[in-house]
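Chains, contacts and geometry: an overview
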Amino acid sequence: LLFIGLSDDSRGRLGPGSDATSSLVELVVWNMCTQVLLFVVVVQIPAFVTNTMAYVDIGWPWGLVLLSLNGFFYGQGWWFRRSIACLCVFLHGLRMAVGALLLFGKQTNWTYRWEKDLPRYEFARVRWEKEMPKAHWWYKIQHDTLQQCFANCFMLALPVVLAAGNPKPLLHPLEMLGWGMWLAAWLFENQADFQKQAFLAKCKAKAQGASIQEKAAIKIAVLGYA
């Protein structure tokens, strides 16, 4: 979809050794280096030391913020397209990044050290230990968190790189449609988050004074398992 917006002249310049190709490659390499540095400091080292995977929920959204800044400041494309595309990624990443810092900070008394991992990662650990040695769980943590780093370096980055490097000073209708769809999805996701918090608060209030069976039913409703 993003490639459609490139002018014929721009497409002609996208070839081995061309200036346009070199700038795109440089942006990909720069983003990759900064993402790896971010993940090593924020995710990989803390996860290795604490044997906890939750740090990836802090690292990867801040990686989106970093990706948007890389695209905006180092992209060579039309300023308006570059600004809009990077703003989408910036808002999406910042919403999750700030939310993760606040939520996890309150849960851990601002130490960001968990007694237990997040429920979905605890469940993944249980599944892992059924088939694999318990002592190798640290390896699985590094493997899964580095997969998200890889996504921030390439799969999530390439659309931003193409948009930020597109010099055509006009918007294709498909680009406008895509941004409209993103805005609708972003608003729906925010609404879903508010609904989730209200649901959790309701379950917490209902759990007070509930029987063991009722608490088990609430846990299934929230986590999907008892």
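About the thresholds
- Residues numbered from 1 in each chain as written.
- Predicted model: local features only at pLDDT ≥ 70, side-chain atom pairs only at ≥ 80, totals over all residues.
- Heavy atoms only, no water.
- Axes fitted to C-alpha atoms, helices over the stretch in contact; angles between N-to-C directions.
- Helix = DSSP H or I, 4+ residues; strand = E, 2+ residues; numbered from the N terminus.
- Parallel < 35°, antiparallel > 145°, perpendicular 65-115°, else oblique.
- Left-handed = near helix turned anticlockwise from the far one by under 90°.
- Contact = heavy atoms within 4.5 Å.
- Nonpolar A, V, L, I, M, F, W, Y, C, P; charged D, E, K, R; others polar.
- Core = buried A, V, L, I, M, F, W, Y, C linked by side-chain atoms within 4.5 Å.
- Buried < 20%, exposed > 50% of the residue type's maximum accessible area, 1.4 Å probe, protein only.
- Salt bridge = Lys/Arg side-chain N within 4 Å of Asp/Glu carboxyl O.
- Phe/Tyr/Trp six-rings, centres within 6.5 Å; stacked < 30°, edge-to-face > 60°.
- Lys NZ or Arg CZ within 6 Å of the ring centre and 35° of its normal.

With that settled, the discussion passes to the packing of helix H4 (residues 79-107) against helix H8 (residues 173-207). Orientation of H4 relative to H8, taken along the N-to-C sense of each, is 15°, at an axis distance of 12 Å. Looking at the two axes, H4 sits roughly parallel to H8. The two elements H4 and H8 meet at a crossing, and its hand is left-handed. The residues of H8 that touch H4, namely those facing Arg81, Ile84, Ala85, Cys88, Leu91, His92 and Arg95, are Glu175, Trp179, Trp182, Trp186, Glu189, Asn190 and Asp193. Tallied by class, residues from the contact of H4 with H8 come to seven nonpolar, two polar and five charged.

The next thing to look at is the nonpolar core. Core analysis: the largest hydrophobic core is formed by 18 residues, its most contacted members being Met53, Val56, Phe104, Trp114 and Leu118. For this core, the elements supplying multiple residues, two or more each, are helix H2 (19-50), helix H3 (56-74), H4, helix H5 (119-131) and helix H6 (137-153). Ranked by the residues each element gives to this core, the list is headed by H6, at four residues. Those residues within four positions of Val56 in sequence are excluded, and the remaining contacts are Phe39, Val43, Pro61, Tyr121, Thr145 and Gln148. Of all hydrophobic cores here, the second largest spans seven residues; its members include Leu67, Cys86, Ala157 and Val160.

Moving on, we come to the packing of H3 against H6. Where H3 contacts H6, the two axes come as close as 10 Å, and the packing angle between them is 5°. Overall, the two elements H3 and H6 adopt an arrangement that is roughly parallel. Taken together, the residues of H6 that come into contact with H3 (itself represented by Val56, Trp60, Gly63 and Leu64) are Thr145, Gln148 and Asn152. Looking at the contact of H3 with H6, its residues break down into three nonpolar, four polar and no charged.

Let us now look at the pattern of salt bridges. Scanning the entire structure with this criterion turns up six salt bridges. Across the salt bridge formed by Arg120 and Asp57, the nearest N and O atoms sit 2.0 Å from each other. In this pair, Arg120 is assigned in helix H5 and Asp57 in helix H3, connecting sequence segments 63 residues apart. A salt bridge links Glu129 to Arg125, with the shortest nitrogen-to-oxygen separation between them at 3.0 Å. Separated by four residues within a single helix, Glu129 and Arg125 lie in helix H5, roughly one turn from each other. Under the relative-accessibility criterion, Arg125 is labelled partly exposed at 21%. Through salt bridges with shared partners, one network takes in Arg95, Glu189 and Asp193.

Across all of its chains, the model carries 11 aromatic pairs by this definition. The interplanar angle of 85° and the centroid separation of 5.0 Å between the aromatic rings of Phe72 and Phe73 together place this pair among those described as edge-to-face. Using a relative accessible area of 32% as the deciding quantity, one classes Phe72 as partly exposed. Geometrically, the ring pair formed by Trp138 and Tyr139 is edge-to-face, given 6.3 Å between the ring centres and 85° between the ring planes. Under the relative-accessibility criterion, Trp138 is labelled partly exposed at 40%. The class of Tyr139 is partly exposed, set by a relative accessible area of 48%. What links up through ring pairs into an aromatic cluster is the set Phe48, Trp138 and Tyr139. Residue placement shows Arg82 over the ring face of Phe72; its charged tip is 5.5 Å from the ring centre.

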